[in-house]
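Chains, contacts and geometry: an overview
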Amino acid sequence: MSKRGALDSFFKPAAPKKAKYEASTEKSVHATYPYAVPHLPASITESLQFSPSEEGKVMNEQLDLDLVYYQPYVSPAVSGSMFEFLRQELFFYRVQYKINRGGVQTVINTPRFTTVFGVDATSKFGDGGMVLDAKTGKKAEASRYKCKPRPIPQCLDVLRRMTEATTGEAFNFCLVNYYANGQDSISYHSDDERFLGPDPAIASFSFGAKRDFLMKHKPIPPSTSPAPQLEPKPVKLQLGSGDMVLMRGKTQSNWLHSIPKRAGPEAHKGRINITFRKAMVKAGTENYYQYNVGTGGVYRWDSKEEKMAAWLQDKIADSAKGGEKDEQNTGKEQS
Ligand SMILES: O=C(O)CCC(=O)C(=O)O
């Protein structure tokens, strides 16, 4: 590049980065979505057919641990575009909620972006995304949920169906986390809520930055008989883009997992995590929407600023359709 060219590009505002995928013109729409979500580009869908890219490795030598680790499930040829696509096209939330700690109310700021789709096994989505009773097939009563369940958009449903075929498990929920950088995290927890039923299977995908996935056994009471012969050792998996971990059996009732904050060469990069789960009862639906959508504003990837930004529905709606509003979304800017 000439000096002049270099100077020009230094002063010119940066053009938004070109997406690494050919967007589909078909879209998933639903009254609860802030905006329509494009279908998975055909090139990605075609490449996904070759998944799993590697055979899963069973990890069950330790007490109560039962994992299948696909390293990777989605090949490097497509995991990068899958990451770019999902980060660009999905809508996210930065949920705040209150907890009571020893009688004191504390506000918790979820340290990552989240979003969720699906409905528990007592309901299903009919044509047009209407919530129906799973048994009768009739429209569910309006009072069934406080939240507004959202059908899984096509771009995630493709992956859900493939995961069902690979694992032999059924999934009705898709939770998505976006870790903007190494400061975003999820602390030690287990997905052992009663609404998932006993010994739930959870398939967990990684796209984008490499992050450590840490696991440790829950404390074993000294009174446990017979006492375990070997003390379970903590597990550390360095999850890369396209990897999938299936957690099943007694894993959730006995082990905790986390994605800790991290410095290092990948710390400035974003990571998407997708988990597929099966919620059995209504409490699962309420819980997932409360903690992954919440009541705040919508965020969307801003390719020019290269960060998640408050999605200003009012502005977009004003220019696109003359100020018409969707009751699902206030378009409120968040600080
Ligand atoms: O990001 C991950 O890999 C883990 C996510 C997770 O543990 C969860 O969503 O419950």
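Reading the values: the criteria
- Residues numbered from 1 in each chain as written.
- Predicted model: local features only at pLDDT ≥ 70, side-chain atom pairs only at ≥ 80, totals over all residues.
- Heavy atoms only, no water.
- Near = heavy atom within 4 Å.
- Polar contact = N/O pair within 3.5 Å; in protein donor to acceptor, adjacent residues only side chain to side chain.
- Helix = DSSP H or I, 4+ residues; strand = E, 2+ residues; numbered from the N terminus.
- Nonpolar A, V, L, I, M, F, W, Y, C, P; charged D, E, K, R; others polar.
- Phe/Tyr/Trp six-rings, centres within 6.5 Å; stacked < 30°, edge-to-face > 60°.
- Buried < 20%, exposed > 50% of the residue type's maximum accessible area, 1.4 Å probe, protein only.
- Pairing = 2+ DSSP bridges.
- Axes fitted to C-alpha atoms, helices over the stretch in contact; angles between N-to-C directions.
- Expected span 1.5 Å × (residues − 1).
- Salt bridge = Lys/Arg side-chain N within 4 Å of Asp/Glu carboxyl O.
- Contact = heavy atoms within 4.5 Å.
- Arc of directions from axis to C-beta.
- UniProt positions renumbered as here; feature names shortened; annotations may be inferred.

What follows concerns the site of the ligand. Taken together, the neighbourhood of the ligand is formed by Asn-177, Tyr-179, Ile-186, His-189, Asp-191, Ser-204, His-257, Ile-259, Arg-271, Asn-273 and Arg-277. His-189 places a polar side-chain atom, nitrogen or oxygen, 2.9 Å from an oxygen atom of the ligand. Between the ligand and His-257, the relevant distance is 3.0 Å, taken from an oxygen atom to a side-chain nitrogen or oxygen of the residue. Those elements giving two or more residues to the shell around the ligand turn out to be strand 10 (173-179), strand 11 (186-189), strand 16 (255-259) and strand 17 (271-277). Here the shell around the ligand gets three residues from one element, more than from any other, and that element is strand 17. In terms of residue class, the shell around the ligand is built from three nonpolar, five polar and three charged.

Our focus in this paragraph is the packing of aromatic side chains. On inspection of all chains with the given rule, the structure shows 19 aromatic pairs. Ring plane angle 90 degrees and centroid distance 5.3 Å describe the contact between Tyr-35 and Phe-91, whose orientation is recorded as edge-to-face. In this pair, Tyr-35 is assigned in the loop between strand 1 (27-28) and strand 2 (37-38) and Phe-91 in the loop between helix 3 (76-89) and strand 5 (96-101), connecting sequence segments 56 residues apart. Relative to Trp-301, the ring of Tyr-178 lies with its centre 6.3 Å away and its plane at 75 degrees, an arrangement referred to as edge-to-face. With a gap of 123 residues between them, Tyr-178 in strand 10 and Trp-301 in strand 18 (residues 299-302) connect regions that are remote in the sequence. Owing to a relative accessible area of 12%, Trp-301 belongs among the buried residues under this scheme.

This brings us to the sheet that holds strand 13 (residues 211-217). The four strands are arranged 11-16-13-14 in an open sheet whose pairing can be described as antiparallel. The sheet is open, and its two borders are formed by strand 11 and strand 14 (235-239), each paired with just one other strand. Neighbour to neighbour, the strand axes of the sheet diverge by 15 degrees on average, direction disregarded. Where strand 13 lies against strand 14, five bridges are found, and the strand directions are antiparallel. Note that in strand 14 the partner of Arg-211 across the bridge is Leu-239.

With that settled, consider helix 3. Over its 14 residues, helix 3 extends 20 Å from the first C-alpha to the last, a length consistent with the 20 Å expected when each residue adds 1.5 Å. With 10 of 14 residues buried, helix 3 lies mostly within the body of the structure. Among all positions in helix 3, only Val-78, Ser-79, Ser-81, Met-82, Phe-83, Phe-85, Leu-86, Arg-87, Gln-88 and Glu-89 are buried.

The subject of this paragraph is the pattern of salt bridges. Applying the stated rule across the entire model yields 14 salt bridges. In this structure, Glu-89 engages Arg-300 in a salt bridge whose closest nitrogen and oxygen atoms are separated by 3.0 Å. In this pair, Glu-89 sits in helix 3 while Arg-300 sits in strand 18, placing the two residues 211 residues apart along the sequence. Classification of Glu-89 as buried rests on a relative accessible area of 9%. Overall, Arg-300 belongs to the partly exposed group, its relative accessible area being 21%.

Strand order in the open sheet made by the seven strands is 3-4-15-12-17-10-7, with antiparallel pairing throughout. The outermost strands of the open sheet, each flanked by one partner alone, are strand 3 (57-59) and strand 7 (113-118). This sheet shows a mean twist of 15 degrees between the axes of neighbouring strands, independent of strand direction. Relative to strand 15 (residues 244-247), strand 12 (residues 202-208) is paired through four bridges, and the arrangement is antiparallel. In the sheet register, Ser-204 faces strand 15, and the bridge partner there is Val-245. Strands strand 4 (67-70), strand 7, strand 10, strand 12, strand 15 and strand 17 of the sheet are contacted by helix 4 (residues 154-167), whose axis makes an angle of about 55 degrees with strand 17.

Turning to helix 6 (residues 282-292), a few remarks are in order. Every buried residue of helix 6 is accounted for by Gly-284, Thr-285, Tyr-288, Tyr-289 and Asn-292. Projected down its long axis, helix 6 shows its buried positions confined to an angular sector of 120 degrees, all on one face. On the buried face of helix 6, the contacting elements are strand 7, strand 10 and strand 17.

Attention shifts here to the UniProt feature "binding site: 2-oxoglutarate" (unreviewed entry) in the protein chain. The positions that UniProt labels "binding site: 2-oxoglutarate" (unreviewed entry) are, in the present scheme, Asn-177, Tyr-179, His-189, His-257, Arg-271, Thr-275 and Arg-277. With respect to the helices and strands, the residue His-257 is situated in strand 16. Other than its neighbours up to four places away in sequence, His-257 contacts Ser-187, Tyr-188, His-189, Ser-190, Asp-191, Phe-213, Leu-214, Met-215, Met-247 and Gln-252. Tracing the backbone shows Thr-275 in strand 17.

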